[in-house]
Amino acid sequence: MNQNNFCIIMAGGFGSRFWPLCDNNNPKQFIDIMGNGQSMLQNTFHRYAQVCPRENIIIVTAEGYGKRVHSQIPDLESYQVLEEPMRRNTAPCVAWAASVIESINPNANVIVTPSDHAIFGDRLFVEKMNKAIDAANRFDWIITVGVRPSNPNTKYGYIQFSESASCKDIPDLHKVVTFTEKPPIEMARQFIHTGEFFWNAGIFIWRLDVLKEAFSQYLPVVYNTLHGMGADVDRQQLLQNYTRIDSISIDYGIIEKASNVHVLEADFGWSDVETWELLYNASGKDANNNAILAGDVMTYDVKNCLVNAPGVDATIVLQGLDGYIVTANKGVLMVCQRDQQENIARFMTDYELRQHRKK
């Protein structure tokens, strides 16, 4: 394994779309959403440990989540878990982690990845990551990963790519033409019809010097403010530096502006699992098209449902449901139609107000 390979795992999300399983105190990356016995973060860490030495994986999370990271992934060194003092989106967290990596190995190859995406097919994944690292080593390019779309999903970003290959020996690597974030349904359908678009998997691979140059060119304030910040930086100084920079994503701040971005087609299964519906689509189904991920569940005339109720000390008996989400956690049982899940934010707010009134 190449000792120059490093990975930055972005694990600072506060997502609550999976309420009641997740909330701000228990975000998705720390939960076994997929029902495979590991949290999303654990799955991501172990996956990238097949590409990078374990000690070269840096996890950036929110302040207060560091102990959670250490408890889920034992024996990490202190420099491997960085707690951001405040939310500033993804660009600052990458800049700080890159500064830490530079202090360890200035010749690093750097993979940047979310912590809460589902990937299926580890062997193909490792092959693609190694191919992307090879391309990043050979050329002064930013490599991103694209997934051939299977449907006109409006929750994903899309990458338009050049028809010709970027280099002869990597036929599945193409120059990026445009990025489009979460298009309307008719536009997404047209994208798929042309055959010129991938879903954006949000994974970026670049040499450290290319990363630094991109930050210096497109986000100089972020780069200059956080460059030189180590893992042991004074917390008050770090907070002051974070207050000086804008909240901006790595995608918008750099990737969508840079002219040297190339996309590698990924033929492994992928989902960003942002909603219950995307989780349902990404999960295995039984003969009745039910995705039963966790819980002691008995079903009768139930079809097209998602059931995820880990840790519930009761048998769940379902009868006659078609197209529902059934989940339970922390004393809350939610039964919601799959096509009505946009109401979940309201459910969560009303529940929190209800609990507050009881105090």
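Residues numbered from 1 in each chain as written. Predicted model: local features only at pLDDT ≥ 70, side-chain atom pairs only at ≥ 80, totals over all residues. Heavy atoms only, no water.

Student: Quick question: what am I supposed to make of the layout of surface pockets here?
Tutor: The volume enclosed by the largest pocket comes to roughly 1,200 Å³. As for the largest pocket, its lining consists of 44 residues, and the residues nearest its centre are Asn89, Thr90, Pro114, Asp116 and Glu274. Elements with a minimum of two residues in the lining of the largest pocket: β1 (5-11), β2 (57-62), α3 (90-104), β9 (197-207) and α9 (250-255). Among the elements that line the lining of the largest pocket, the one with the most residues is β9, at four residues. Across the lining of the largest pocket, the residue classes tally to 17 nonpolar, 13 polar and 14 charged. Size it by volume and the second largest pocket reaches roughly 460 Å³. If you trace the second largest pocket, you find 21 residues lining it, with Arg17, Lys155, Thr275, Trp276 and Gln341 closest to the centre. It is helix α10 (residues 276-282) that provides the largest number of residues to the lining of the second largest pocket, a total of four residues. Of the residues assigned to the lining of the second largest pocket, the class counts are five nonpolar, eight polar and eight charged. (1 Å grid on protein atoms, 1.4 Å probe; cavity = no way out; pocket = protein on both sides within 12 Å on 5 of 7 lines; lining within 4 Å. Points joined across faces, edges and corners; volume = space filled by probe spheres on them. Helix = DSSP H or I, 4+ residues; strand = E, 2+ residues; numbered from the N terminus. Nonpolar A, V, L, I, M, F, W, Y, C, P; charged D, E, K, R; others polar.)

Student: Looking at this model, I keep getting lost on empty space enclosed by the protein. Mind explaining?
Tutor: The rolling of a water-molecule-sized probe over the atoms marks out the regions of remaining empty space. Under the defined criterion, the tally for this structure stands at one cavity of 30 Å³ or more. If you add up the space inside the largest cavity, you get close to 70 Å³. Along its surface, the largest cavity is lined by Ala95, Ala98, Ser99, Glu102, Leu211, Lys212, Phe215, Tyr223, Leu226 and His227. Of the residues forming the lining of the largest cavity, the biggest block, four residues, is contributed by α3. Taken together, the residues of the lining of the largest cavity break down into six nonpolar, two polar and two charged.

Remember, this is a structural readout, not a statement about activity or role.
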